[in-house]
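So you can see what is in the structure, the chains are spelled out below.
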Amino acid sequence: MTRRSPHRAAPTAPAALTTASPLYAALTWIAALAVLVPFLTGCAGRVHTRNVASATVRQPPATTVPALRVLVHDGAPGAASLITRDGRFWASRFSTAGVADLRTGRRMDRFDHFRAGSLTKTLVATVILQLVAERKLSLDDPASAHLPPGTPHRAPGGHSDLRKVTVRQLLDHTSGLFNYTQDRWFARQMHGTGFDVHRYAPHTPVQLLRLALRHRPVAAPGARYSYANTNYLVLGLIIRGVTGHSYATEIRRRILLPAGLDDTSFPGHDPALPRPHGRAYSRIGGREVDSTFLDPSLAGAAGEMVTTLDDLNRFFAALLSGTFLAPRQMAEMRDEQGTGGTYGLGLYATRLPCGVTVWGHNGDINGSFAETVGTADGRHLVSYRVNTDSLARPAHGTALLEAEFCRADA
């Protein structure tokens, strides 16, 4: 949301003064300053206004535009990116292709809100690692030790058991737990032909966990990497068990408020998006379905976050530079040894063909795909998004990153 200091009306001159009076001129000048100062100081911090970069500020070149056009050619209605170099957020480069709304032809805007899907996981992991630093839990603790009272540890007759799964295994997706979003009934209702009927259906984390626990595990705990939204569903419950607050409340308190991420939110059961926003589209049954509005509790701690490109760049810049985590926990977050170089703890490395390695995460949910990556120090970042469920060709997402990070002057 745009925040500006309100303009104040200039005080009127006393009746005894005339417009020709030197004193009147002085008072008029002071009054003018009184109007300007709050406006100027209000704009001195984070920039939310449309005039993000003035003519005197040198923006990065629009390196990603050809790749954005390819994503649209692949079938995305619209695509957009935001590049930040050298930590100069006020000079970030926003680029777009295609449209945000197929009906009106409206283009994507830098300040559009959208659903970020599994990018939520990086913020959840950050809070968990902060709790580790505070000695409120350990990465090697069993997950069951920190769940709120009444949370199921295993399903009757089932083989998945949270007493045998550690917090670390949840973070790096080596728990072996079944991915609840792959349950056939759930997938048909939330992502398939039943979406129009069930898009506003509410879910609770415990209901979704019970659904996952009814399935056999895909592997023994710690045996191998297998991405599962169930892992972060459980981590959200662990945050509540340890702090007494929801994961959304802890993320706001620990991350959003300190970093000034005013345009990021966790809507719970609210199906709407904050303004401004475009439309989201899903390909279901051979047709384009407007999936802008839905109950995001279907994703919960695994992917309910709503945000903007600006907030994503700012969050990852702060995270990668060490603002949120102590060096030991930051090293744990980047450690991919347990997954054979695939995934850390809510963060993963992308090794581009040119030899450059960047760190970040991606996410998808009905009608929206986004990814943010940055250099190890967080000073050079790219966030991009499309307003459809996923990339038709993931290699074209990598090509977009190459266009910025593999250029000759990088």
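Since the structure is predicted, the reported quantities are computational estimates derived from the model, not experimental observations. (Residues numbered from 1 in each chain as written. Predicted model: local features only at pLDDT ≥ 70, side-chain atom pairs only at ≥ 80, totals over all residues. Heavy atoms only, no water.)

Notes on unusual backbone geometry
We apply this condition: For the purposes of this entry, the term helix denotes a DSSP run of H or I that reaches at least four residues, the term strand denotes a run of E that reaches at least two, and both are numbered from the N terminus. The classification of residues rests on relative accessible area computed with a 1.4 Å probe and restricted to protein chains. Under 20% of the type maximum is buried, over 50% is exposed, and intermediate values are partly exposed.
In this chain, Arg275 is followed by Pro276 through a cis amide linkage whose omega measures 0 degrees. Of note in this structure, Asp86 is not a glycine but carries a positive phi near 55 degrees. Mapped onto the fold, Asp86 is located in the loop between β1 (78-84) and β2 (93-98). Taking relative accessible area as the criterion, Asp86 reaches 49% and is therefore assigned partly exposed. Even without being glycine, His173 reaches a positive phi, approximately 60 degrees. For His173, a relative accessible area of 0% translates into the label buried.

Observations concerning the confidence of the model for the protein chain
As a reminder of what qualifies: Scored from 0 to 100, pLDDT reflects the predictor's confidence in each residue. Two residues form a contact once any of their heavy atoms are found within 4.5 Å.
In the predicted model, the protein chain carries a mean pLDDT of 88, and the fraction of residues at 70 or more is 86%. Under a pLDDT of 50 for its full length, residues 1-51 has, in the predicted model, 42 contacts with residues more than four places off or in other chains.

Overview of the packing of aromatic side chains
What counts, and what does not: Pairing of aromatic side chains here covers Phe, Tyr and the six-membered ring of Trp, requires ring centres within 6.5 Å, and sorts the geometry by plane angle: under 30 degrees stacked, over 60 edge-to-face, intermediate tilted. Lysine NZ or arginine CZ positioned within 6 Å of the ring centre and within 35 degrees of the ring normal marks a charge as sitting over the ring.
A full pass over the atoms with the stated rule returns eight aromatic pairs. Ring centres 5.9 Å apart and planes at 35 degrees place the aromatic pair Tyr343 and Tyr348 in the tilted group. Each member of the pair, Tyr343 as well as Tyr348, is classed as buried. Grouping aromatic residues by their ring pairs yields a cluster made of Tyr225, Tyr227, Tyr343 and Tyr348. Note that Arg334 overlies the ring of Trp359, its terminal NZ or CZ placed 5.3 Å from the centroid.

With respect to helix α3 (residues 120-133)
To keep it simple, the criterion reads: Between the first and last residue of a helix there are one fewer steps than residues, each counted as 1.5 Å, and that sum is the expected span.
Here α3 contains 14 residues, and its C-alpha end-to-end distance of 20 Å stays within 8% of the 20 Å for a straight helix at 1.5 Å per residue. Most of α3 sits inside the fold, with 13 of its 14 residues counted as buried. A positive backbone phi angle near 60 degrees is found at Arg135, which sits one or two residues after α3.

As for the pairing of strand β10 (residues 381-386)
Cut-off, in case you're wondering: Only strands joined by at least two bridges in the DSSP assignment are considered to pair.
With respect to burial, β10 is a largely interior element, six of its six residues being buried. Side chains Leu381, Ser383 and Arg385 of β10 all project onto a buried face; the interleaved residues Val382, Tyr384 and Val386 project onto the opposite face, where all are buried too. Pairing of β1 with β10 involves six bridges; the strand directions are antiparallel. By the bridge assignment, Ala80 is partnered in β10 with Arg385. In this structure, strand β9 (residues 368-374) lies alongside β10, joined through six bridges in antiparallel fashion. Counterpart to Phe369 in the pairing with β10 is Val386.

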